[in-house]
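The chain contents come next:
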Amino acid sequence: MSGKKAEELTPEAIEAGFEKHGFVCTGEVSTALYLSERLEKPLLLEGPPGVGKTEIAKLWAQFHETDLVRLQCYEGLDEAKALYEWSYGKQMLYAQLLREKTSELLAGASSLHGAMALLKSEADEFFSRDFLLPRPLLAAIVADRPVVLLIDEVDRSDEEFEAFLLEVLSDYQVSIPEIGTIRARHRPKVVLTSNDTRDLADALRRRCLYLYVDYPSFEDELKIVRSRAPGLSESLAERVVRFAQSLRKADLRKAPGIAEVVDWALALVAVGADGLERTVLRRTLGVLLKNREDVERVLQDLSRFRS
Amino acid sequence: MIEALSRFVEALRAEGLQVSPAEVVDAARAVDAVGPERRGPFRAALRATLVKRTEGLTVFDRVFERFFAPPARGSGRGERAAKGGVETGGQRTTRSQEEPAPLRRWPAEPVRPRPALRREAERARPRGPSPETLRERLRRLQLSGERLVGRVRRVVARREVVPERHAGEPPDLLRRQLKVPATTEEERRLAELVPRIVEELRLRRGRRLRRSRRGRLWARQLFRESAGREGVSFTLPFRRPRLRKTRVVLLVDVSWSTARAAGYFLWIATELLELGRRHRVVLFVDRPVDATETLARWGRRALAAATPSAPPRGRPRPGEGIARRGDSFASLLGSLRDLNLEAPSDYGRAFHALLRSPLRPRGRDTVLVVLGDARTNRFDPLPWALEEISRQCRGVLWLVPEPRDRWGEGDSALETYLPYVDTVVEATDLEGLARGVGKLLGRL
């Protein structure tokens, strides 16, 4: 275990460690992280966008004082982009050099067999680790200390890629035809995130521990806003959080996430606001809501949200 | 502790949650890691290991509260927390007074070669077919040619038969407008045509699947193979279509004006789709209600004995005559407690609630089918909610049980929804409904 010893790791220690970085960590989050470490299982974080799923993985790496290897998933992501690629440019250059050196190389061979053996040993070099470009999954497997592997927004990838992930996540090993099987020297701590835009396969879910990360409660969100925007007055912080929480209950296209609420709080500090008057909202609401229709709707029905 | 856990898992399974043996083992390890002393971490450990879907969280919380109820205020340490539960307040967990259920023995999962290993094996195989294989392929090619001729003959023969199937059918019955009020007897007569429509659609689907089994000629592969053999190709490569496992969400308006069309449509659709986790049915008037389980039982088992409330307009409720083995569609609707049949239909609210619910169609393998006239009673249609749903799934198919010239008139918001719909079918009669279901089957 890098950074932290096994006996140092408790849910309380995780909460305290996250708190240091200004992240309000609930008991559920700390227990899930603790269990993922103890049971050596990947942790699947699911929930609406903007609740801090990716942040949890980043802080998990900081907590362990190790590197974060991030694989951002998207439609069309395949093994080549996630696992490894051959460095064709380097191979071409090598071939060019080899061509010039062939006669020199074969000068020492006394027979045809000898010449062939010499050529073969050189050809094998083409597909050695020197020409391998590790992509995030392989990089996490071959790392010389346990890293945190973040597979972000796995629901954006295709089902085929999800099936491929199953193999990697169950054995932590990768087969490269030209080289052989590479096993992880240190098991990476894997965190997967999903915005729940696509139903993930049961097989993948079964292999992971699961945590649904929802929007925080009023008290927790207030704590977050206070710690991230200390310049905001106590009463305004409360009104900001209450306003954001009421927006989440409304029929909006995009409900504000925690990061947006913090940004809005900082924006209110920057403009020197001391209340949520219409003029202040008109100037700053774009920080909180990312859709023109939503902004207009909220401004039209302000009394409902400000109460 | 393991016995208590096993009983807890049984209780979760009884509530419909799928918990695999591997997850039970994980749960046991997790409880061992956090200890059963403190309720919060204990609950979080079980939640993280036993529930893997958002939909299951509510069930888990309910069963957990029932099973591991906290000790009553002021009760002693040794007092039992709940019947069938364990005490979580003290250091020691105790079993209930009942005898522990024996631990199940789970069968080992069969060992299958992993995909990558199969790929490796494929790569290791010698390239190029042997002479025996080539001879065999040539023989198959001749056979398939003969089969092709036979198939063409059969198709031609069938085409001649198809018009005769409807020849004896009164055309006015199939084309009877479903929005026009009808007596229960008229509904019953129309319902008699449904099994035949289902059979026709099933046959059509079977034909399509047989046609697509082999796939289309793969020109690029043909060129590649020919190039490798000096311009001679020994086989005709066909590109098989990828088998798609499409999920379907049927969102059906069952308000008074569309209930009859909804009844026939759901009958046809549920005969052709196996309802369950893959295919879901959501009914709505003002808000969506998951009716998958009830629809799956329609005509198979007696529905809950709830009877619909008395019709307020002094005429029979639509769907009384649409009955499968004695279960009428009207009584099916009446058995759904959360469905308010007297409410004015509100499409905007229904789409928005669907978007926010775990039932929402999501993923490129999911198709949303809407049946309704989009009459929103002047409520905000919230077209962005449908836009969002449409963006998250493969396609939206809309069946409108109203003539085309009335679309968008009055309180109809159909025109605001149509930009987010891929296919729209005018389904004013049984023929239109069959056409719509045919379109849906074409996407599966």
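One can find the structure itself at the top, above this paragraph.
Residues numbered from 1 in each chain as written. Chains lettered and ligands numbered in written order. Predicted model: local features only at pLDDT ≥ 70, side-chain atom pairs only at ≥ 80, totals over all residues. Heavy atoms only, no water.

All names here are of chain B. Across the interface, helix α1 (residues 2–14) lies against helix α4 (residues 54–67) with an axial gap of 10 Å and an inter-helix angle of 135 degrees. On the basis of the axis angle, α1 is oblique to α4. At the point where α1 passes α4, the crossing takes the right-handed sense. Across from Ala4, Arg7, Phe8, Ala11 and Leu12 in α1, the residues of α4 making contact are Phe60, Val63, Phe64, Arg66 and Phe67. Residues of the contact of α1 with α4, tallied by class, amount to eight nonpolar, no polar and two charged. (Axes fitted to C-alpha atoms, helices over the stretch in contact; angles between N-to-C directions. Helix = DSSP H or I, 4+ residues; strand = E, 2+ residues; numbered from the N terminus. Parallel < 35°, antiparallel > 145°, perpendicular 65-115°, else oblique. Left-handed = near helix turned anticlockwise from the far one by under 90°. Contact = heavy atoms within 4.5 Å. Nonpolar A, V, L, I, M, F, W, Y, C, P; charged D, E, K, R; others polar.)

Our next topic: the pattern of salt bridges. Residues and elements named next belong to chain B. In this structure the tally under the stated criterion is 37 salt bridges over all chains. Among the ionic pairs, Glu271 bridges to Arg324, the shortest N-O distance being 3.0 Å. Here the residue Glu271 occupies a position in helix α11 (residues 259–272), and Arg324 occupies one in strand β6 (residues 323–324), the gap between them amounting to 53 residues. As a salt-bridge pair, Arg404 and Glu426 come within 3.8 Å of each other at their nearest N and O atoms. Of this pair, Arg404 sits in the loop between β9 (393–400) and α16 (414–417) while Glu426 sits in strand β10 (residues 423–426), and the two are 22 residues apart along the sequence. (Salt bridge = Lys/Arg side-chain N within 4 Å of Asp/Glu carboxyl O.)

This brings us to the interface of chain A and chain B. At the interface, 39 residues of chain A touch 40 residues of chain B. When chain A packs against chain B, the two sides together hide about 3,400 Å² of surface, and 45% of this comes from carbon and sulfur. Of all residues in chain A, Asp199(A), Tyr210(A) and Arg253(A) bury the most surface against chain B, accounting for 18% of the area lost on that side. The interface formed by chain A and chain B contains six salt bridges. Its salt-bridge partner being Glu387(B), residue Arg253(A) comes within 2.5 Å of it at the nearest N-O pair. The interface formed by chain A and chain B includes 16 residue pairs in polar contact (both at pLDDT 80 or more). Secondary structure elements with two or more residues in the side of chain A that touches chain B: α2 (27–38), α8 (159–171), α9 (202–207), β9 (209–212) and α14 (292–300) of chain A. (Buried area = accessible area lost by both parts, 1.4 Å probe. Polar contact = N/O pair within 3.5 Å; in protein donor to acceptor, adjacent residues only side chain to side chain.)

Residue and element names in this part refer to chain A. Together, Leu112, Met116 and Leu119 give the surface a local cluster of nonpolar side chains, amounting to about 330 Å² of exposed area. One can find Leu112 in helix α6 (residues 112–125). Residue Leu112 is classed as exposed on the basis of its relative accessible area, which comes to 68%. (Patch = residues over 30% accessible without salt bridge, like charges linked within 9 Å, V, L, I, M, F, W, Y side chains within 5 Å. Areas by Shrake-Rupley, 256 points an atom, 1.4 Å probe, with all protein chains shown as cover. Buried < 20%, exposed > 50% of the residue type's maximum accessible area, 1.4 Å probe, protein only.)

All names here are of chain B. Among the surface-exposed residues, Arg216, Arg220, Arg224 and Arg239 lie close enough to one another that they form a single positively charged patch. When you line up the elements, Arg216 lands in strand β1 (residues 216–217). Given a relative accessible area of 71%, Arg216 falls into the exposed group. (Lys, Arg positive; Asp, Glu negative; His and termini not counted. Charge placed at Lys NZ, Arg CZ, Asp CG, Glu CD.)

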